[in-house]
Amino acid sequence: MPTHHVTCPLCEATCGLSVTVDDGAVTSVRGDALDVFSRGYLCPKGASIGSLHGDPDRVRAPLVKRGGRFVEVAWDEAFAEIAARLPRGDAAAVYLGNPGVHNLSTSLYARALIKALDTKNVYSASSVDQAPKQFAAGYLFGDPMSVPVPDLDRTDFLLLLGANPLVSNGSLMTSPDTRGRLRAIRARGGRVVVVDPMRSRTAESADQHLAIRPGTDALLLFALVHVLFAEDLVKLGALAPHVAGVDAVRALAVPFSPEAVAPATGLSAEAIRGLAADLAAAPTAAVYGRIGTTAQRFGSLASWLVDVLNVLTGNLDRPGGAMFPLAAAGQANAGRGRRPFRHGRWHSRVRGLPEVMGELPAATLADEIEAGGVRALVTLSGNPCVSTPNADRLAEALRGLDFMVSLDIYVNETTRHADVILPGTSPLERPHYDIALYQFAVRNVANWSDAVLETPLPQEWETLLRMTGAVVGMSDVDALDDVVAAQVASRFGVPVAEGRGPARLVDMMLRAGPYDVRLADLRAHPHGIDFGPLKPRVPEVLATESGRIELAPPALTADVPRLLAELTAPVPPMVLIGRRQLRSNNSWMHNIAPLMGGANRCTAQLNPTDAERLGLTPGDPCVVRSRTGKVTVPIEITDAIRPGVVSIPHGWGHTHPDTHTTVAAEHPGVNSNILADELLIDAPSGTAVLNGIPVEVTRA
Ligand SMILES: Nc1nc2c(c(=O)[nH]1)N[C@H]1C(S)=C(S)[C@@H](COP(=O)(O)OP(=O)(O)OC[C@H]3O[C@@H](n4cnc5c(=O)[nH]c(N)nc54)[C@H](O)[C@@H]3O)O[C@H]1N2
Ligand SMILES: Nc1nc2c(c(=O)[nH]1)N[C@H]1C(S)=C(S)[C@@H](COP(=O)(O)OP(=O)(O)OC[C@H]3O[C@@H](n4cnc5c(=O)[nH]c(N)nc54)[C@H](O)[C@@H]3O)O[C@H]1N2
Ligand code: SF4
Ligand SMILES: [Mo]
């Protein structure tokens, strides 16, 4: 039986899988022990990729709604419907979901559709996720793709805030087997410190856990900066000639002493001073913040201060610190002629929220639909009715659209509203290369996977080009593909290569890249090619106007007064945060039966002191209410969570009878984003506040 060595596309870790097939069916999935990056590691999701492929509920033919019900139609009929009903211009909105980042077709061809639609109404999961990190990187380093990643394999000290990579497997830090890499830090005498309102699995396995009050990371980080200056611990090292704005940061940090931030953060001034001393004393150190620091009220400031600390301790861009990857293909953060990042080139119509990286905040999509500006919606592998704030309001808004089309693999909470659903392939039916995630990898690696199984479906890039063609009145997919290839050729300065589809584009980008490899070389190395540990890249990586690291960019410092006010603001008695679960993937893997046993449970976790105060006992249902809605959910009492905080995982709420996810419907849970308030955003980037939402908890 043939064994295929492929990269798992289900999360950012890019693990190698060895997939054995027999007669078109998957017979086993194991971690690829020879994979140059993951060395045999895999998680339960990767192991269940065969079940995802075989899921009988997966959509396998185009669906068009007729008389309120989906009926299977031929592809031509589906595209005719799109040609007739999808408008061009700002009346059409596009929402790009997370799996599109893990899918070559969407990564490389969605842009053609968006261009053809000629709309400013582009939304994505970025604005419920990492946009603040990219916003800060954009202004600090000139390019929103220049996000420094912790050099996990060489660091002596790792400070993690708002991340739980032992469960999430790491994010904006492509690192298969993060658990093993964190263990190795401790084994070589280093330290790992976790800042999280929850004693997460990552916190549990760390040297130190600081249970911060949600939404206050920027205060803690500013206090660390304050101590570095006050105690003369700032050392820029080799970075010194490349950094501007140090004095401005020093002045801004003055009010944020450990004593001043202690009440709001819930951490003692002594602990904060100790952390600053440890960070400064470590031979090398990396500060890293993830979703708990981005999808929160001060996401941009926290993201900024993470890298300010990396700079002030001399750890940016040096081995063992926070470094800039250099990807083999499509290296987004390299090359000539990059224009310095700026945002706010246009604004949303209703709330006037600024564009960031060509997108408007998902938190305002419902506003734009309700006000009548947006009349049609295209979702590309997204489930915003579960993953974005005030989910019920968005669902109601979708009902008022003139037309909606979804490229997706399920009829779920979002796609049930569509007029047309176009099915994508299963991951095993398409080639794969992590064009996006290698931009954030802790080693420079490259790995190409050919499709494991044949498919009766068109590839998603072909579908995207046919949609593009439907919009502009062209039907020749190959001619459109040539246009895309010509654009890639001109952007990367290489000739157009032979072939079609994503393989050709990746080959061209590899040829343009820094490592002298081609697609054929990757095909000859089924376990990947390792280009080694990250290398220092300052100043070449910098794309700011000054050519230096702008440590105090106005787009960020303008938000400091809002943070200052937080020092004296009243503390809400109860706030909601989210959590991820190992056998779950945002909203969409709850239909995979092998993943639904065990510890995936949609519960509200509460500290015993809160449970007692509220008269709640384990398993009781409780009602959690916010400005936007309420959910009833069983409680789980645990001292792992800080008092005053309730945690509900996102991605649940599979309760609608017009969806077609049979297994998920047996474990519905509740949609926590019914509680997320679309008016609460990180001011600079417009990113939704999904952690630290004021709520009230009562007995049901
Ligand atoms: N409260 C709260 N909310 C959150 C978060 C949180 O931490 N807390 N996290 C946020 C984050 S980080 C993210 S990234 C977003 C995710 O937000 P979304 O991307 O909107 O949601 P997903 O749940 O990832 O839904 C993915 C969709 O893609 C479809 N799909 C899966 N595979 C494929 C494929 O191969 N092809 C196609 N065409 N479709 C496919 C699925 O059926 C599903 O409809 O959620 C955010 N929402
Ligand atoms: N198994 C699994 N893996 C996944 C996903 C999944 O759904 N399931 N989703 C993928 C996606 S799209 C992403 S973006 C990544 C995210 O990857 P991570 O960022 O590692 O996400 P989480 O596991 O949600 O960890 C966030 C942590 O932040 C904490 N937190 C909440 N609020 C705050 C706060 O205000 N301050 C601080 N310091 N901490 C806070 C939470 O308690 C939680 O432990 O995971 C990816 N991997
Ligand atoms: S950790 Fe991520 S990449 Fe690795 S097997 Fe699991 S889902 Fe796949
Ligand atoms: Mo995400």
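Going by the annotation in an unreviewed UniProt entry, the name recorded for the protein chain is Molybdopterin-binding oxidoreductase, with Actinokineospora fastidiosa given as the source organism.

**Q** Before we move on, could you go through the domain arrangement of the protein chain and cite the residues and values that matter?
**A** Per the domain assignment, the segments making up the protein chain are domain 1 (1–54), domain 2 (63–129 + 339–422), domain 3 (131–327 + 538–563) and domain 4 (572–699). Centre-to-centre separation of domain 3 and domain 4, based on C-alpha positions: 28 Å. In this assembly, 29 residues from domain 3 lie in contact with 25 residues from domain 4. For the pairing of domain 3 and domain 4, the buried interface totals around 2000 Å² over both sides, and the portion due to carbon and sulfur atoms is 61%. At the surface where domain 3 touches domain 4, the tally comes to two salt bridges. Aspartate 682 is the salt-bridge partner of arginine 562, the closest N and O atoms lying 3.8 Å from each other. Between the two partners, domain 3 and domain 4, sit eight residue pairs in polar contact (both at pLDDT 80 or more). Sorting the residues of the side of domain 3 that touches domain 4 by element identifies helix H5 (131–141), helix H6 (165–168), helix H13 (291–294) and helix H14 (299–312) as the ones contributing at least two each.

**Q** Hey, could you go over the site of ligand 1 for me, with residue numbers and the actual values?
**A** Within the structure, ligand 1 sits among 29 residues, and Tyr95, Asn98, Asp408, Asn412 and Ser587 are positioned closest to it. Within the backbone of serine 381, a nitrogen or oxygen atom sits 3.3 Å from an oxygen atom of ligand 1. In this structure, serine 587 approaches ligand 1 through a side-chain N or O atom, which is 2.5 Å from an oxygen atom. Surface burial for ligand 1 is 98%, taken as the share of its 910 Å² of free accessible area covered by protein chains. Mapped by element, the contributors of at least two residues to the shell around ligand 1 are helix H16 (384–387) and strand S16 (403–408). Considering only residue class, the shell around ligand 1 consists of 11 nonpolar, 13 polar and five charged. Each of two domains, domain 2 (63–129 + 339–422) and domain 4 (572–699), supplies a minimum of three residues to the shell around ligand 1.

**Q** So, the sheet that holds strand S5 (residues 69–72): which residues are in play, and what are the values?
**A** Sheets are built from strands that pair by backbone hydrogen bonding, the pairs being arranged parallel or antiparallel. Strand order in the open sheet made by the seven strands is S5-S4-S17-S16-S15-S6-S7, with mixed pairing throughout. Two strands in the sheet have a free side with no partner beyond their single neighbour: S5 and strand S7 (122–124). When the angles between neighbouring strand axes are averaged without regard to direction, this sheet yields 20°. Sheet analysis places strand S4 (residues 63–66) next to S5, joined by four bridges and oriented antiparallel. Within S5, the position partnered with arginine 66 by the bridge is arginine 69. Strand contacts of helix H18 (residues 460–472): strand S15 (376–380), S16 and strand S17 (420–423), with the helix running at about 160° to S16, the strand carrying the most contacts.

The rules behind the values
- Residues numbered from 1 in each chain as written.
- Chains lettered and ligands numbered in written order.
- Predicted model: local features only at pLDDT ≥ 70, side-chain atom pairs only at ≥ 80, totals over all residues.
- Heavy atoms only, no water.
- Domains from an automatic or database assignment.
- Contact = heavy atoms within 4.5 Å.
- Buried area = accessible area lost by both parts, 1.4 Å probe.
- Salt bridge = Lys/Arg side-chain N within 4 Å of Asp/Glu carboxyl O.
- Polar contact = N/O pair within 3.5 Å; in protein donor to acceptor, adjacent residues only side chain to side chain.
- Helix = DSSP H or I, 4+ residues; strand = E, 2+ residues; numbered from the N terminus.
- Near = heavy atom within 4 Å.
- Areas by Shrake-Rupley, 256 points an atom, 1.4 Å probe, with all protein chains shown as cover.
- Nonpolar A, V, L, I, M, F, W, Y, C, P; charged D, E, K, R; others polar.
- Pairing = 2+ DSSP bridges.
- Axes fitted to C-alpha atoms, helices over the stretch in contact; angles between N-to-C directions.

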